[in-house]
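# Residue-level structure breakdown
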Amino acid sequence: MGCQGSKGRVDAEANKYLLETVTGHTDSINCMVLSEDESVLVTGDDKEARLWDVEGGQGGPTEAMGSLKGHTSYVTSVDVSGVYVVTGSSDCTVKKWDMTTCECCFTYEGHKGKVMRVICTGEYIISSSSDKTAKVWIFDTSDIKPEAKQRCCVRTLEGHTMGVHPIIYIPAKESSTGGEKARKEEYEENSEDDMNDVLNEELVVTGSADNTARLWAISTGDCLVTYRDHRAAIMTMATDKEVRILFTGSADTTIRSYEIRTGRPLKVFRGHNHPVICMSVVNQLMYTGDTGGTAKCWVWRYGDNTCDYKGHKHTVTCIKFHQGIVYTGCGDGVVRVFDAKMGALRQAFKREESEGAGAVVVNCLTVCGGKLYSGSHDGIMRVWDVSSWVNGGKNEKEKEA
């Protein structure tokens, strides 16, 4: 039996954990991402993205670094690669920005519907769209002349019959190692030659409102595998650490797992009663949230639901595991802190009463150092002190002493 989350002794003065209320956005903060070195946080809202100096979550106040203006509709997704920021928007475009100057370096045009998600791979930018396609774009556009912008799109992945939202990039695998030889033996449905080809490919997985996910080869644009079985839209996806297993969360309330390169179904995870919209896989555990206010932990290898995280009064919009703690953002306007193993609620972060009545949806969150950054529908980024739950409860000063 899975453990049941308890309310625990939640501090009534939760606002003492609120370090900053950061303004600057003019509308709902829809997305956020940290740079690889965790020094810069990028957030996206209505028509623009903003850069923030967060100093790895260990320094002083969050400082504004600049604004990326140029989209004509709201920003849906952001990613960072080196000194560049990539944004996707409901204006059907993808833009690449130099974060040192805040100037737009290139605008990628070609989608006929709003861009749902963008991913940077270093060599490529991959985008998904409500126009039923995903596209693969050249990242380095220095040699592309304005009149030849169409050359930037190297692949259009067509085959879905409805909009595409979640996407996953899978880098090519080396097929000469002993580990890869062992993997080949597990995929009995493929011939050895076929498996060698797949292992050497850069791949993309797309999830769609047409109830399917698909595996694509970037080199050819061919669909290699179609993952079926869901009875409603695929809302969220993840892979295991070794990128061998695909997990798909669906509006049909189930989660399914598949061997990525063969499409063989592995398990069906049942327990949610509402559409599953967020997911995070860490080692052997999978954390999921749904529109009914339920968050769960699973041991994905066996399909066991080991823990429920209770107390949400609306949609669980985002979920993140960090150092033994599960953080959730919710439509009821609360960020919750749970003991990952036991399910006990350690703390509930709420906006101050002086900011107005009513719940403000928490759309996104991330943890950096001893701070948690949450982005809300009211356009405010809140910075919370979570140092009590990271680094074994020790902050940086305590570690140095």
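Residues numbered from 1 in each chain as written. Predicted model: local features only at pLDDT ≥ 70, side-chain atom pairs only at ≥ 80, totals over all residues. Heavy atoms only, no water.

On to the overall build of the protein chain, then. Helix and strand counts for the protein chain stand at three helices and 33 strands. The 401 residues of the protein chain split such that 54% are buried. Summarising the internal contacts of the protein chain: among those between residues at least 6 apart in sequence, 48% fall at separations of at least 24. In the form shown here, the protein chain has an accessible surface area of approximately 17700 Å², with 45% of it arising from carbon and sulfur atoms. (Helix = DSSP H or I, 4+ residues; strand = E, 2+ residues; numbered from the N terminus. Buried < 20%, exposed > 50% of the residue type's maximum accessible area, 1.4 Å probe, protein only. Contact = heavy atoms within 4.5 Å. Areas by Shrake-Rupley, 256 points an atom, 1.4 Å probe, with all protein chains shown as cover.)

Bringing the environment of Arg231 into the picture now. With respect to the element layout, Arg231 can be found in the loop between strand E18 (223-227) and strand E19 (234-239). Residue contacts for Arg231: discarding those within four places in its chain leaves Asn211 and Asp252.

The next point concerns the side chain of Thr93. If you trace the backbone, Thr93 turns up in the loop between strand E8 (84-89) and strand E9 (94-98). Look at Thr93 and you get buried, because its relative accessible area is 11%. Not counting residues up to four positions away in its chain, the partners in contact with Thr93 are His71, Thr87, Gly88, Thr107, Tyr108, Glu109 and Val115.

Time to look at the sheet that holds strand E15 (residues 164-170). An order of E15-E16-E17-E18 is seen for the four strands of this open sheet, with the pairing classed as antiparallel. Sheet topology places E15 and E18 at the edges, where each strand pairs with a single neighbour. Sheet twist, expressed as the average angle between the axes of neighbouring strands with direction ignored, equals 20 degrees. Bridging between E15 and strand E16 (residues 203-208) involves five bridges; their strand directions are antiparallel. Each residue of the ladder has a partner; that of Tyr169, found in E16, is Val204. (Pairing = 2+ DSSP bridges. Axes fitted to C-alpha atoms, helices over the stretch in contact; angles between N-to-C directions.)

Here we come to the packing of aromatic side chains. All chains considered together, the criterion is met by 13 aromatic pairs. Plain terms: the ring middles of Tyr227 and Tyr258 are 5.3 Å apart, the flat faces sit at 55 degrees to each other, and that makes the pair tilted. Within this pair, whereas Tyr227 is found in strand E18, its partner Tyr258 is found in strand E21 (residues 255-259), the two being separated by 31 residues in sequence. A relative accessible area of 1% places Tyr227 in the buried class. Exposure remark for Tyr258: the relative accessible area of 1% places this residue in the buried category. Both rings, one in Tyr287 and one in Phe321, keep their centres 5.3 Å apart while their planes meet at 10 degrees; by these two values the pair is stacked. Note that Tyr287 is positioned in strand E24 (residues 285-290) and Phe321 in strand E27 (residues 316-322), a separation of 34 residues in sequence. Taken together, Tyr17, Phe349, Trp384 and Trp389 form an aromatic cluster joined through their ring pairs. (Phe/Tyr/Trp six-rings, centres within 6.5 Å; stacked < 30°, edge-to-face > 60°.)

On to the confidence of the model for the protein chain. Averaged over all residues, the pLDDT of the protein chain is 88; the fraction at 70 or higher stands at 85%. Here residues 394-401 scores under 50 on pLDDT; set against residues more than four positions off or in separate chains, the count is seven contacts. (pLDDT = per-residue confidence, 0-100.)

With antiparallel pairing, the four strands of this open sheet are ordered in space as E7-E8-E9-E10. Both outer strands of the open sheet, strand E7 (75-81) and strand E10 (103-108), are each paired with one neighbouring strand and no more. Across the sheet, the mean angle from the axis of one strand to that of its neighbour is 20 degrees, orientation sign disregarded. Relative to E8, E7 runs antiparallel, the two being bridged by six bridges. When the bridges of E8 are listed, Ser77 appears paired with Gly88.

The subject of this paragraph is the pairing of strand E17 (residues 213-217). Of all five residues making up E17, five are buried, and the element is well covered by its neighbours. The alternating pattern of E17 places Ala213, Leu215 and Ala217 on one face and Arg214 and Trp216 on the opposite face, and all of these are buried. Bridge count between E16 and E17: five bridges; the pairing is antiparallel. Note on E17: the bridge partner recorded for Val204 is Trp216. Count of turn residues in the E16/E17 antiparallel hairpin: four residues, of which Asn211 carries a positive phi of about 80 degrees. Sheet analysis places E17 next to E18, joined by four bridges and oriented antiparallel. Looking at the pairing, Leu215 lines up with Val225 of E18. Counting the residues in the hairpin turn of E17 and E18 gives five residues, including Gly221, whose phi is positive at 80 degrees.

A separate point is the pattern of salt bridges. By the definition in use, this model includes eight salt bridges. With a closest N to O distance of 3.8 Å, Glu48 and Arg50 form a salt bridge. Residue classification places Glu48 among the buried residues on the basis of a relative accessible area of 6%. As a salt-bridge pair, Arg336 and Asp332 come within 2.8 Å of each other at their nearest N and O atoms. Within this structure, Arg351, Asp378 and Arg382 form a network of salt bridges that share partners. (Salt bridge = Lys/Arg side-chain N within 4 Å of Asp/Glu carboxyl O.)

Next up on the list: the state of the cysteines. Taken as a whole and judged by the stated rule, the model has zero disulfides. Among the cysteines around Cys105, which has no disulfide bond, Cys104 carries the closest sulfur, lying 6.6 Å off. Residue classification places Cys105 among the partly exposed positions, given a relative accessible area of 37%. (Disulfide = S-S within 2.5 Å.)

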